[in-house]
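One letter stands for each residue in the lines below.
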Amino acid sequence: MTTSPSSASTDVDVVLPCLDEASALPWVLGRIPAGWRALVVDNGSTDGSADIARALGATVVHEARRGFGAACHAGLTAATADIVCFCDCDASLDPGLLVPFVREVSDGEADLVLGRRRPQGRGAWPVHARAGNLALSRMLRRRTGLRLHDLGPLRAARREALLALDLDDRRSGYPLQMVVRAADAGWRVVEHDVPYLPRTGASKVTGTWRGTWQAVRDMSGVLNERPRLRAGGG
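Residues numbered from 1 in each chain as written. Predicted model: local features only at pLDDT ≥ 70, side-chain atom pairs only at ≥ 80, totals over all residues. Heavy atoms only, no water.

A.B. asks: Give a detailed account of the nonpolar core, specifying residues and quantitative values.
C.D. replies: Ranked by internal contacts, the top residues of the largest apolar core, which has 36 residues, are Leu-112, Leu-162, Leu-176 and Trp-187. The element contributing the most residues to this core is helix 7 (residues 174-184), with seven residues. Setting aside anything within four residues of it in sequence, one finds Leu-162 in contact with Leu-76, Val-84, Phe-86, Ala-157, Met-178 and Trp-187. (Core = buried A, V, L, I, M, F, W, Y, C linked by side-chain atoms within 4.5 Å. Buried < 20%, exposed > 50% of the residue type's maximum accessible area, 1.4 Å probe, protein only. Helix = DSSP H or I, 4+ residues; strand = E, 2+ residues; numbered from the N terminus. Contact = heavy atoms within 4.5 Å.)

And the structure:
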């Protein structure tokens, strides 16, 4: 486990959506800050991911309904900590990087903190995936006014505030819907650069041009939501 003086005393759950990530789990779970709880949401793995996660000390949540959003939301509803983080389970992102994110939320400096992915090494972020992300970031800016550069999965916010957003997308639009509804509610949303490593295994969403643009299509529906009444942040 990664040790941080400020992390052990903070009540934090880390949601890790998981579909066949047996080879990545040891590294990912080994990077969870000391004192935090890892919630590995098994989304129908057939490679023993759930057993590996459990053996490594994680709490395993089972979500039968396939979809990135379904897995993320199952983790959110299973969480009990004041602050909830999200991180991919493919070893492309180090959950230890969430420590300053949590500190920022805990200190009241931000309501939602996002990681802006900065690719490290060849193959870390395919061109088609970057193109799709850029298109979505521009559409998000037009929809909300938020000047974000990435809609990456590394993020932190308060659990009760996240639940109050009433997120209902259960596919690839979930991360975007979180940002859109947070913006509509008047949250302070910030992003910070984080290193993005080549993932272990094949991507289930952005591994191909077809998968990427399918995700863009899914997320376009989220951007067409009517703005909600403005409310306080986390």
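A.B. asks: Quick rundown of the pattern of salt bridges? Include the residues and the values.
C.D. replies: Across all of its chains, the model carries ten salt bridges by this definition. The closest approach of N and O atoms between Arg-54 and Asp-51, which form a salt bridge, is 3.2 Å. Here Asp-51 and Arg-54 lie together in helix 2 (residues 49-55), a separation of three residues that amounts to about one turn. Notably, a salt bridge pairs Asp-111 with Arg-188, separated by 3.0 Å at the nearest N-O pair. Of this pair, Asp-111 sits in the loop between helix 4 (98-106) and strand 5 (112-119) while Arg-188 sits in the loop between helix 7 and strand 7 (189-196), and the two are 77 residues apart along the sequence. (Salt bridge = Lys/Arg side-chain N within 4 Å of Asp/Glu carboxyl O.)

A.B. asks: Before we move on, can you summarise the sheet that holds strand 6 (residues 155-158) with the specific residues and values?
C.D. replies: Strand order across the open sheet formed by seven strands is 3-2-1-4-6-5-7, with mixed pairing between neighbours. Each end of this open sheet is capped by a strand with a single partner; those strands are strand 3 (59-62) and strand 7. Looking at each pair of strands side by side, their axes are set apart by 20 degrees on average, direction ignored. Where strand 1 (residues 12-18) and strand 4 (residues 83-86) come together, four bridges link them in parallel fashion. Following the sheet pairing, Val-15 is matched in strand 4 by Phe-86. Strand contacts of helix 7: strand 4, strand 5, strand 6 and strand 7, with the helix running at about 135 degrees to strand 5, the strand carrying the most contacts. (Pairing = 2+ DSSP bridges. Axes fitted to C-alpha atoms, helices over the stretch in contact; angles between N-to-C directions.)

A.B. asks: Residues and numbers for the side chain of Arg-181, please.
C.D. replies: On the secondary structure map, Arg-181 appears in helix 7. Residues contacting Arg-181, with those up to four places away along its chain left out, are Leu-165, Asp-166, Leu-167, Asp-168, Glu-225 and Arg-228.

A.B. asks: If you had to explain the confidence of the model for the chain to someone new, which residues and values would you point to?
C.D. replies: Mean pLDDT over the chain works out to 87, with 85% of the residues at or above the 70 mark. Note on residues 1-9: pLDDT under 50 across the span, and 19 contacts to partners over four residues away in sequence or across chains. (pLDDT = per-residue confidence, 0-100.)

A.B. asks: So what about the pairing of strand 1? Which residues, and what values?
C.D. replies: Across the seven residues that make up strand 1, a large majority, seven, are buried. Here strand 1 pairs with strand 2 (residues 37-42) via six bridges, running parallel. Bridging from a neighbouring strand, Asp-13 pairs with Arg-37 of strand 2. Each parallel crossover has a hand, and the one from strand 1 via helix 1 (residues 25-30) to strand 2 is right-handed. (Right-handed = clockwise from strand over helix to strand, strands pointing away.)

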